[in-house]
Amino acid sequence: MAASKIRTRFAPSPTGYMHIGNLRTALYAYLIAKHENGDFILRIEDTDQERYVEGAVDVIYKTLKDTGLVHDEGPDIGGPVGPYVQSERKDIYAEYAKKLVEKGEAYYCFCTKERLETLRQKSEDLKIPFKYDKHCLHLSKEEIEEKIKNGEPYVIRQNNPKTGTTKFEDVIYGTIAVDNSELEDMVLLKSDGLPTYNFANVVDDHLMGITHVVRGSEYLSSSPKYNRLYEAFGWEVPVYVHCPPIMKDAQNKLSKRNGDASYEDLISKGYLKEAVLNYICLLGWNPGTTQEIFSLEELIEKFDYRNINKSPAIFDPAKLRWMNAEYIRALPLEDFHRLAMPYYQKALKKEYNLLLISKLLHSRTEVLGEIPEQLDFFDELPEYSIELYIHKKMKTNYENSLESLEKALPVLEGLTSWTHDSLHDTLSALIEEMGIKNGLMLWPLRTALSGKAFTPGGAYEIAEILGKEESLRRIKIGIDKLKNDPR
């Protein structure tokens, strides 16, 4: 297919979850295409049937839809160069593997597992990398036909030269040259008739007109083998964009296997999809400005893959948390309220004015999943120590805390309107009358109402949400606690 415009692809394996590196690859491929009004293609690479996980393809569709990375062609919507699932393209790979055999660029290999294992063991003993010894390269046409006729299992291997060098250009890493003596005669077609990942990628990328291949830098070492395939077929080599690894820290890669968060994990913890996408875009790419918050539309406009870094990117949970908080604060209150509702339902069994809670939490929430723990004192006053009433900065102690609560109780009992404003005005007047600082009144009140050292709001907000009856009950409990102090 002639490439008249930029075409990129996201080609995940359906292995069960969408890890962060995979999503970043999809995002970069999408942005490269859309920046130039090109096509973004989804292809499912399921040739490794042992790793296939039921339902994983649905996870891929859902993630792309959720994040707004809409593909132009793919298994679910079709397109001019389908099928877009590798297991449905088996005959295509067999045809192209045989073309390479005819050209002398590939050969049938009938070596048994036992023979290959012996070769591997020898390599280990000599402490050299394993390389197939081209044992089957010199089989005659008649020998090959006889073995196939007898049903002997075989693979088709790439025939790489032993001398010279293979060079290729990578947009990020520059010119990379590899001695051909280091190249393995990799298997192209397995004995079950399915292609290897490496071979299928090259054939599919060419036939689907892919102009820019985005993948992780771990594939840099395989690229010379890919290039030799392109050259063997006489095909144009695409632009390679190898992305740096995403690291947990200076030594360890981010890995689901090690318990690091996948995209689904982050969403279930209450991170916003827009924040996650924005953050992972900056893991390896620099806009060249100080701007950090980008909508997807802004990323499409500004993304230049030449600004992808070579050095590994460290996944910083604190930075993601900060960014998520920025996104939450930028939400209209009604949108935050809607997103928070499932967490309220989980945390609260009693009836409250939930919109008041949203007003309280909107600017104080960094991750939605932490909402329940911020509200854990509303349904039930927790057991607390009276030491909470002591606060050096507020200059509160047991005696002045008791005095503040005892003075506040009758005033609050007399209130006919229980709103934030009426509570504020009434208690402000009392504070002025007593000639004390705000903290001497409001710290003991907040402590009595919540039983906690840290709450999402102050005394006025908490009292308004709890309501008059429950607030007064808790203040009385606080007075009793302080009066019955065993000191």
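None of these values were measured; they are calculated from a predicted model.

*Asks:* Quick rundown of the pairing of strand β6 (residues 174-179)? Include the residues and the values.
*Replies:* Here six bridges tie strand β5 (residues 165-170) to β6, and the two strands are oriented antiparallel to one another. Bridge assignment links phenylalanine 168 to a residue of β6, and that residue is isoleucine 176. Two successive antiparallel strands, β5 and β6, enclose a turn made up of three residues.

*Asks:* Mind laying out the nonpolar core, listing which residues take part and the relevant values?
*Replies:* In this structure, Leu69 and Leu412 are the most contacted members of the largest nonpolar core, which totals 100 residues. Element by element, the count of residues in this core is highest for helix α1 (residues 20-35), at 10 residues. Residues from two domains meet in this core; each of domain 1 (1-75 + 244-330) and domain 3 (377-484) gives at least three. Those residues in contact with leucine 69, other than ones at most four positions away along the chain, are Leu23, Ala26, Leu27, Tyr30, Phe40, Leu64, Leu277 and Leu296. By size, the runner-up hydrophobic cluster in this structure holds 35 residues, among which are Tyr84, Phe168, Met186 and Leu188.

*Asks:* Run through the sheet that holds strand β4 (residues 155-158), naming residues and quoting values.
*Replies:* Spatially, β3-β4-β7 is the arrangement adopted by the three strands of the open sheet, whose pairing is antiparallel. Edge positions in the sheet fall to β3 (106-109) and β7 (187-189), since each of these pairs with one other strand and no more. Geometrically, the sheet is characterised by an average inter-axis angle of 40° between neighbouring strands, direction not taken into account. With four bridges joining them, β3 and β4 adopt antiparallel strand pairing. Along β4, the bridge assignment pairs alanine 106 with glutamine 158.

*Asks:* Tell me about the environment of cysteine 111, and please be specific about residues and values.
*Replies:* Structurally, cysteine 111 is set in the loop between β3 and α4 (113-126). Judged by its relative accessible area of 16%, cysteine 111 falls in the buried class. Along the primary structure cysteine 111 and valine 155 are separated by 44 residues, whereas in three dimensions their C-alpha atoms are 8.6 Å apart. With near-sequence residues (within four places) excluded, cysteine 111 lies in contact with Leu116, Tyr132, His135 and Cys136.

*Asks:* Before we move on, could you go through the packing of helix α15 (residues 398-413) against helix α17 (residues 438-450) and cite the residues and values that matter?
*Replies:* How two helices sit against one another is set out by the angle between their axes and by the gap between those axes. It is at 9 Å that the axes of α15 and α17 come closest, and there the two elements cross at 80°. In terms of axis orientation, α15 runs roughly perpendicular to α17. Packed against α15, whose contacting residues are Asn400, Ser401, Ser404, Leu405, Ala408 and Leu412, the element α17 presents Leu440, Met441, Pro444, Leu445 and Ala448 at the interface. Tallied by class, residues from the contact of α15 with α17 come to eight nonpolar, three polar and no charged.

*Asks:* Could you give me a rundown of helix α19 (residues 468-483), with the residues and numbers involved?
*Replies:* Between its first and last C-alpha, α19 extends 22 Å over 16 residues, near the 22 Å set by a 1.5 Å rise per residue. Of all the residues in α19, the buried ones are Glu470, Ser471, Leu472, Arg474, Ile475, Gly478, Ile479 and Leu482. Those residues of α19 that are buried lie in contact with α15, α17 and α18 (459-466).

*Asks:* Before we move on, can you summarise the environment of aspartate 133 with the specific residues and values?
*Replies:* Relative to the helices and strands, aspartate 133 resides in the loop between α4 and α5 (141-149). In this structure the C-alpha to C-alpha distance between aspartate 133 and isoleucine 328, which are 195 residues apart in sequence, comes to 59 Å. Here aspartate 133 is in contact with Arg115 and Leu119, once residues within four sequence places are set aside. Within the structure, aspartate 133 has its side chain in polar contact with the side chain of arginine 115 (distance 2.7 Å).

*Asks:* Any chance you could break down α15 for me, citing the residues and the numbers?
*Replies:* In a regular helix each residue adds 1.5 Å, so 16 residues correspond to 22 Å; α15 covers 23 Å between its end C-alpha atoms and thus fits that length. On its buried side, α15 packs onto α16 (420-434), α17 and α19. Between the side-chain oxygen of the N-cap and the backbone nitrogen of glutamate 399 there are 3.0 Å, and the N-cap of α15 in question is asparagine 397.

*Asks:* Provide a residue-level description of the domain arrangement of the protein, including the pertinent values.
*Replies:* Parsing the protein into structural domains produces domain 1 (1-75 + 244-330), domain 2 (95-189) and domain 3 (377-484). Using C-alpha coordinates to define each centre, domain 1 is positioned 48 Å away from domain 3.

Calculation notes
- Residues numbered from 1 in each chain as written.
- Predicted model: local features only at pLDDT ≥ 70, side-chain atom pairs only at ≥ 80, totals over all residues.
- Heavy atoms only, no water.
- Pairing = 2+ DSSP bridges.
- Helix = DSSP H or I, 4+ residues; strand = E, 2+ residues; numbered from the N terminus.
- Core = buried A, V, L, I, M, F, W, Y, C linked by side-chain atoms within 4.5 Å.
- Buried < 20%, exposed > 50% of the residue type's maximum accessible area, 1.4 Å probe, protein only.
- Domains from an automatic or database assignment.
- Contact = heavy atoms within 4.5 Å.
- Axes fitted to C-alpha atoms, helices over the stretch in contact; angles between N-to-C directions.
- Parallel < 35°, antiparallel > 145°, perpendicular 65-115°, else oblique.
- Nonpolar A, V, L, I, M, F, W, Y, C, P; charged D, E, K, R; others polar.
- Expected span 1.5 Å × (residues − 1).
- Polar contact = N/O pair within 3.5 Å; in protein donor to acceptor, adjacent residues only side chain to side chain.

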